[in-house]
Each structure stands twice: as structure tokens, then as C-alpha cells.
Amino acid sequence: MRIRSVLCCAVNSFLKMPTTKGKKWVLKQHFQGMPKRSDMDLVEFDLPAVTDGTVLLEAVYLSVDPYMRPYTARFPVGITMIGEQIARVIESKNDKFPVGTNVCTRAGWVTHSVSDGEGLIKIPPYPAGVPLSLALGTIGMPGFTANYGLVDICNPKAGEVVVVSGAAGAVGSVVGQIAKILGCKVIGYAGSDAKVAWLKELGFDEAFNYKTVDLDATLKSAAPNGVDCYFDNVGGQFATTVLNNMARFGRIACCGAISSYNDTAPVKFPAVHGTIVFKELKMQGFIISTYANRWPEWMKQHIGWVKEGKLKYSEHVTDGFENMFDAFMGLFTGANTGKAVVKV
Ligand SMILES: NC(=O)c1ccc[n+]([C@@H]2O[C@H](COP(=O)([O-])OP(=O)(O)OC[C@H]3O[C@@H](n4cnc5c(N)ncnc54)[C@H](OP(=O)(O)O)[C@@H]3O)[C@@H](O)[C@H]2O)c1
């Protein structure tokens, strides 16, 4: 046996087995204001060999998410752009992940990667007709973000009024639908009439295009007794206006602040302390990765809801790894309805 393995190594090195090439997006400089194409480079690289215990992964779908904009500032220039993807095992020397296994991995913006299995999440078989890409959306990180922020932080009771901003996005669309499952009145805000029409199809009780309405006036008419729960995806002046329309003992889940991610001037803190005190509000921020231990529970629940038709979804699919940057920018121009993904 030993002689045969030594011989194999010798033959491989003699034949100079070709190295697998991959492509990756590298951060060339930190973003200032709106990200620019020139802040990144798309480069080819050599992958390490697949050794005992490792697997070679090929990206199938990659996620673009708003957090990538603020989070890259925490990393040095030269990193591979951060992010999650669905990948397929195409070569394996790890019995836990045979060839053909579909996984979620935080490999970043790369076409191929070699992994020792650490941190890989196997994607269970989905019901017929449910796309694999939902592991990056409704049945993945954004969907679970919606669940935690709404159920655990806002904790709405049947009949209460829930407001969600960024309502037609990956997180927001799931928030509204879970709130409907819980028997709430749901009011959603999104940035186009087409998005508003989709929210109504999803069962939102009220939906508004925040670019064309008076936010304060719509809140006063749609929630005359005040807002019990606000799921905040956008922050800024929008959030301040909603806070001023909260009911007593209202709860606010601070999920994101996309309205300020590209600001260059320091964000002015809105004057909300008085409102929080006198309306006895509860406000909590959260980062969903803190609750990664609950992934299996949420995965089961969301697969069930999708199967029952209670959680509907839309995906904005961009074709081609070379178009990752454009797909990412679409998040800040509102190009996406539902989850934005890139198909390799
Ligand atoms: N806390 C966590 O762990 C966690 C996890 C995931 C996501 N998040 C946050 O949740 C929010 C939604 O994320 P997502 O993945 O679901 O993204 P998304 O909503 O699918 O996409 C982003 C959407 O934001 C809206 N938008 C862009 N610029 C805006 C602005 N200046 N003001 C208001 N809206 C703006 C656009 O929709 P319109 O056309 O409607 O404007 C755009 O389609 C983000 O703030 C994100 O950072 C937080």
C-alpha cells in the first residue's frame, strides 16, 4: 500500500497535474460614499490542491447583501469580498461532504474554494419546485433575520399593528408575511409602485411607496391608534418618523440602516430619547449571526411555511459572476424585489 501511494505521488508530480483556477473579487480600496467598480478587481487565482479531509467547492449562487457595504471597512484592503454562497462539492476527500453535496459557505465572492468542512452548512433536500437559491434568502440568513427580529424582539400579538420598512426586500418581505401568519395588521413601505403591488399580493394590509407619499400622514391614517411593532431596515429620518407614531409600549427591532450606509458625513442622531421615554418603547438592535445556533429550527419552520404557501418569495437573479458588482449596487438603487442573488 505504502509503495503504491509513494508511486502515485511521484507520477502526479512527474505529470504536473494542472492546478484548478478560480476567479475572485478583491477589495482594492475601501468604499467612500457609493461603492465604485474601481474599488474592486476581478482576478484569476490558483486553488490549493484537495488534500485529505478537504473538498473543492464550485459556486452555484452567490448572495449580495447590504451589510457588505459597511462591513468591508472592518477588513484590510486586498481581502476577497466577503459573502455567502451556495456551492456544490465537485471533488471530495472528506466523507462528510461527498461529490454533489450542496452547501452554504462563507467563502466570499469566489467561483471556487477549497474547504476542510468547517462552517459548511449542508442544504437539506427542498420540496419539489422550491429553488435551491432560497438558502440565501427566505430559507437562509435574511429569512431568519426577519424571524428573529419580529418574533423574538418585537414579539407581536394577534391584532397588533406591525410596520416594516424595506418591505419588498429579502428581509422585509418575510417580516410582513410572518406578521400575517401571527395575525397582525401589517403595513409595509417600499420604493416603487410595482413593489407596493407585490406587497399587496403577499397579503400586506396596507402598502405605500415611501418615495411618493407623506410617511407621517400614511402612518396616522393606517395606524390611528399607533404602531405596536416597527421592524426597521432603513434607519435615518424614516425611522424617526415611525418612532414618533408608535403606540405606548411599542417595540422596535433595529435590523438595518441602509439609508445611511453610503453617507460620507457623520449621521446625525435623531432626537428620539423623549419619544422612547414617554411612550415607554423598547428598542433593540441585533446581528443575526449571534443566533446561528437557531439556524436548524428556523430552516425547518421556513421550509414548512414555503411548502404550505404561507411564505411566498421573489428573487432578483443576476446572471454571471462577472456581474457581481452590478448586482451589489442594485441593492442601493432598489433594483431588487425580494432577494438579490447572482447565478454563476
Ligand atoms: N441585523 C442583521 O443581522 C441583518 C441581517 C440581514 C440584513 N440586515 C439589514 O436589513 C436591511 C434589509 O436587508 P436585505 O438583505 O433585505 O436587503 P433588501 O431589502 O433586499 O435590499 C435593499 C433594499 O433597500 C432599499 N433601499 C436602498 N437604499 C435605500 C435608502 N436610502 N432608503 C430606504 N431604502 C433604501 C431598496 O428598496 P426600496 O426600493 O424599497 O427603496 C433596496 O431594494 C438592510 O439594512 C440590511 O443591512 C440586517
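Everything numeric here is computed off the predicted structure, so don't read it as measured data.

Attention shifts here to a nonpolar patch on the surface. Taken together, Val 151, Ile 181 and Leu 182 make up a surface patch of nonpolar side chains, about 180 Å² in accessible area. Topologically, Ile 181 is positioned in helix H4 (residues 170-181). A relative accessible area of 31% means that Ile 181 is categorised as partly exposed.

What follows deals with the site of the ligand. Not every one of the 26 residues close to the ligand is listed here, only the nearest: Gly 191, Lys 195, Tyr 210, Tyr 261 and Asn 336. In this structure, an oxygen atom belonging to the ligand sits 2.8 Å away from a main-chain N or O atom of Val 171. In the model, a nitrogen atom of the ligand is placed 2.9 Å from a nitrogen or oxygen of the Cys 255 main chain. When the ligand is considered free in solution it has 910 Å² of accessible area, and contact with the protein chains removes 90% of it. For the shell around the ligand, the elements supplying multiple residues, two or more each, are helix H3 (141-154), H4 and helix H10 (324-333). For the shell around the ligand, the per-class residue count stands at 16 nonpolar, 9 polar and 1 charged. Both domain 1 (19-137 + 313-343) and domain 2 (141-289) contribute no fewer than three residues apiece to the shell around the ligand.

With that settled, the discussion passes to helix H5 (residues 193-202). For H5, the complete set of buried residues consists of Lys 195, Val 196, Trp 198, Leu 199 and Leu 202. One face of H5 carries all of its buried residues, which in axial projection span an arc of 160°. Residues of H5 that are exposed and point over 90 degrees away from its buried face: Asp 193, Ala 194 and Glu 201. Considering only its buried residues, H5 is in contact with H4, strand E9 (185-190) and strand E10 (206-209). Positioned one or two residues after H5, Gly 203 has a phi angle of 105°, which is positive.

Let us look at the pattern of salt bridges. Counted by the stated rule, this structure contains 11 salt bridges. Across the salt bridge formed by Asp 39 and Lys 36, the nearest N and O atoms sit 3.8 Å from each other. By relative accessible area, Asp 39 is classed as buried at 0%. Since its relative accessible area comes to 38%, Lys 36 is described here as partly exposed. Residue Arg 248 is joined to Glu 280 by a salt bridge in which the shortest nitrogen-to-oxygen separation is 2.9 Å. Placement of Arg 248 in strand E12 (residues 246-254) and of Glu 280 in the loop between helix H8 (273-278) and strand E13 (282-285) is noted, with a sequence separation of 32 residues between them. Relative accessible area serves as the criterion here: at 55%, Arg 248 is assigned to the exposed category. With a relative accessible area of 36%, Glu 280 lands in the partly exposed category. Within the structure, one salt-bridge network assembled from shared partners comprises Asp 152, Arg 294 and Glu 297.

Here we come to the domain arrangement of the chain. Looking at the assigned domains, one finds that the chain contains domain 1 (19-137 + 313-343) and domain 2 (141-289). One C-alpha centre belongs to domain 1, the other to domain 2, and the line joining them spans 29 Å. Contacts between the two partners involve 23 residues from domain 1 and, on the opposite side, 13 residues from domain 2. In this assembly, domain 1 packs against domain 2 so that about 1,400 Å² is buried in total across both faces, 58% of it on carbon and sulfur atoms. Linking domain 1 with domain 2 are 0 salt bridges. One can count 6 residue pairs in polar contact (both at pLDDT 80 or more) joining domain 1 with domain 2. The element best represented in the side of domain 1 that touches domain 2 is helix H2 (residues 68-71), accounting for 3 residues. Looking at side-chain class alone, the side of domain 1 that touches domain 2 contains 11 nonpolar, 8 polar and 4 charged residues.

The rules behind each value
- Residues numbered from 1 in each chain as written.
- Predicted model: local features only at pLDDT ≥ 70, side-chain atom pairs only at ≥ 80, totals over all residues.
- Heavy atoms only, no water.
- Patch = residues over 30% accessible without salt bridge, like charges linked within 9 Å, V, L, I, M, F, W, Y side chains within 5 Å.
- Areas by Shrake-Rupley, 256 points an atom, 1.4 Å probe, with all protein chains shown as cover.
- Salt bridge = Lys/Arg side-chain N within 4 Å of Asp/Glu carboxyl O.
- Helix = DSSP H or I, 4+ residues; strand = E, 2+ residues; numbered from the N terminus.
- Buried < 20%, exposed > 50% of the residue type's maximum accessible area, 1.4 Å probe, protein only.
- Near = heavy atom within 4 Å.
- Polar contact = N/O pair within 3.5 Å; in protein donor to acceptor, adjacent residues only side chain to side chain.
- Nonpolar A, V, L, I, M, F, W, Y, C, P; charged D, E, K, R; others polar.
- Domains from an automatic or database assignment.
- Arc of directions from axis to C-beta.
- Contact = heavy atoms within 4.5 Å.
- Buried area = accessible area lost by both parts, 1.4 Å probe.

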